[in-house]
Amino acid sequence: MVSKNSPPVCDYEGSDYQTSFWDQGGRGYEDRTEAIALKRLLPKSGQLLLEVGAGAGRNTPRYDGFERVVLLDYSATQLQQAQARLGKSKRFVFVAADVYRLPFVDGLFDGATMIRTLHHMADAPAALAQIRNVLQPGSVFILEFASKLNLKSILRYLLRRQSWSPFTREPVEFVALNFDFHPKAVRKWLQQVGFQIERTLTLSHFRWGPLKRIIPTGFLVSLDALAQWTGSLWQLTPSVFMRASLAGERSKPVPEDEIQWFKCPRCGSSPLVDDKQELRCTSCGSRWAIVDGIYNFKEPLSE
Ligand SMILES: [Zn+2]
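Worth saying up front: this structure is predicted, and the values here are computed from it rather than measured.

Chemist: Explain the layout of surface pockets here, please?
Modeler: It is a probe the size of a water molecule, rolled over the atoms, that shows where empty space is left. Here the second largest pocket is characterised by a volume of approximately 200 Å³. Lining the second largest pocket we find A35, L38, K39, L42, P43, K44, P61, R62, Y63, D64, G65 and F66. Sorting elements by how many residues they give to the lining of the second largest pocket places helix 2 (residues 28–41) first, with 3 residues. Of the residues in the lining of the second largest pocket, the class split is 7 nonpolar, 1 polar and 4 charged.

Chemist: Which parts of the structure should I look at to understand the side chain of D73?
Modeler: Position of D73 relative to the elements: it lies in strand 2 (residues 66–73). The buried charged residue D73 lacks any salt bridge, with K298 as its nearest oppositely charged partner at 7.5 Å. In terms of polar contacts, D73 uses its side chain to reach the backbone amide nitrogen of G55, at 2.7 Å.

Chemist: I tried to follow the coordination of the zinc ion on my own but got confused; where do I start?
Modeler: The textbook angles at a metal center are 109.5 degrees for a tetrahedron of four donors and 90 or 180 degrees for an octahedron of six. At 2.3 Å from the zinc ion lie its protein donor atoms, namely C264 (SG), C267 (SG), C281 (SG) and C284 (SG). Read in sequence order, the donor residues coordinating the zinc ion give the pattern C-x2-C-x13-C-x2-C. Of this pair, C267 sits in the loop between strand 9 (239–245) and strand 10 (273–274) while C281 sits in the loop between strand 11 (278–280) and strand 12 (287–291), and the two are 14 residues apart along the sequence. A relative accessible area of 1% places C281 in the buried class.

Chemist: Explanation requested: the packing of aromatic side chains in the structure shown.
Modeler: For any pair of aromatic rings, the description rests on two quantities: the centre-to-centre distance and the angle between the ring planes. For the structure on display, the rule yields 9 aromatic pairs. Here F141 and F195 contribute two aromatic rings whose centre-to-centre distance is 5.3 Å and whose plane-to-plane angle is 35°, an arrangement assigned as tilted. Separated by 54 residues along the polypeptide, F141 in strand 5 (residues 135–146) and F195 in the loop between helix 6 (183–192) and strand 8 (196–203) bring together distant segments of the chain. F195 shares its class with F141; the two are buried. Within the aromatic cluster, the residues linked to one another by ring pairs are F104, F109, F262, W288, Y295 and F297. The lysine or arginine in question, K298, covers the ring of Y74, its NZ or CZ lying 4.3 Å from the ring centre.

Chemist: Help me out: how do you make sense of helix 3 (residues 76–86) in this one?
Modeler: Along an α-helix, residues three or four positions apart point the same way, because every turn accommodates 3.6 residues. Of the residues making up helix 3, those classed as buried are A76, Q78, L79, A82, Q83 and L86. Seen from one end, helix 3 has its buried residues packed into an arc of 150°, which puts them on one side. Positive phi appears at G87, one or two residues downstream of helix 3, with a value of about 85°.

Chemist: When you look at the pattern of salt bridges in this model, what are you seeing that I'm missing?
Modeler: Side chains that differ in charge, positive against negative, can pair when their charged atoms come close. According to the stated counting rule, one finds 13 salt bridges in the structure shown. With a shortest N-O distance of 2.7 Å, E256 and K90 are connected by a salt bridge. Of this pair, E256 sits in the loop between strand 9 and strand 10 while K90 sits in the loop between helix 3 and strand 3 (92–96); the two residues are 166 residues apart in sequence, bridging distant segments of the chain. Side by side, E256 and K90 carry an identical accessibility label, which is exposed. Here R101 and D98 are joined by a salt bridge, their closest N and O atoms 3.9 Å apart.

Definitions and limits used
Residues numbered from 1 in each chain as written. Predicted model: local features only at pLDDT ≥ 70, side-chain atom pairs only at ≥ 80, totals over all residues. Heavy atoms only, no water. 1 Å grid on protein atoms, 1.4 Å probe; cavity = no way out; pocket = protein on both sides within 12 Å on 5 of 7 lines; lining within 4 Å. Points joined across faces, edges and corners; volume = space filled by probe spheres on them. Helix = DSSP H or I, 4+ residues; strand = E, 2+ residues; numbered from the N terminus. Nonpolar A, V, L, I, M, F, W, Y, C, P; charged D, E, K, R; others polar. Buried < 20%, exposed > 50% of the residue type's maximum accessible area, 1.4 Å probe, protein only. Lys, Arg positive; Asp, Glu negative; His and termini not counted. Salt bridge = Lys/Arg side-chain N within 4 Å of Asp/Glu carboxyl O. Polar contact = N/O pair within 3.5 Å; in protein donor to acceptor, adjacent residues only side chain to side chain. Donors = N, O, S within 2.8 Å, 3.2 Å for Na, K, Ca; no water. Phe/Tyr/Trp six-rings, centres within 6.5 Å; stacked < 30°, edge-to-face > 60°. Lys NZ or Arg CZ within 6 Å of the ring centre and 35° of its normal. Arc of directions from axis to C-beta.

This is the structure:
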């Protein structure tokens with residue numbers, strides 16, 4: 001599932017991830033704790049939200065404060081599943097693209113989320129810099145990442161059942177293109193590209209199979225909801241949420257016509273010309289397909 005791009009991209013093309021992992025995988029606890037965290041961190045309202053790594057749109061209905069949402073994923077088939085789930089409407093715009101070459105003009109969005117996605121980034125700082133570029137001043141960015149500094153990995157390391165240290169800042173790639181990060185490293189990367197970190201929540205305090213089987217999910221979710229606030233003091237859970245923001249005032253209005261939102265991911269020029277079935281770059285000549293309402297910026301159509 002690894003593409004040819006550099007840095008490599010984890011590709012969920014053709015995957016049944018939504019069904020096998022979320023719908024039938026006993027992840028009700030994780031899903032509900034994420035819903036609570038998002039409610040606590042999301043701004044009450046906004047114009048245009050970028051959802052990076054939207055997948056099959058599991059979290060998208062939770063962004064109802066935003067007038068419009070762009071679902072971005074590397075996999076077009078995941079976006080087809082999202083489209084089936086959410087329906088076709090002007091509110092949702094589906095874009096298949098590489099996070100390292102975002103096809104949007106600078107300062108377009110006033111909000112962004114990236115949940116369970118940084119996890120797959122071989123070059124996390126580069127991905128965060130791309131997201132920062134497409135946000136306008138005053139924007140909010142909600143980031144979830146998998147933390148290497150969690151109780152399980154600390155115990156395993158101390159018992160010598162794990163070779164890598166959970167205490168050092170570098171990412172650990174425990175399976176190909178699956179990375180866990182140190183919370184301090186993520187904080188530093190966010191600050192380096194200009195974000196201020198406003199709030200940190202820790203999630204999945206009770207992600208342990210036997211516990212999840214014995215204790216009713218609703219009760220575990222309530223306990224986790226309380227424990228999330230301790231994220232401002234320490235982070236020792238496998239999943240961490242951060243709310244980051246950019247200084248300044250929201251100024252630029254979002255263009256009504258979504259074609260104006262895009263730039264050519266190959267050469268960076270905008271606007272693109274709308275040829276109905278495709279978008280065309282007048283600068284480098286690249287043509288980008290629009291298939292069943294999904295903009296595809298992964299590879300240009302052949303010339
Ligand atoms: Zn171009």
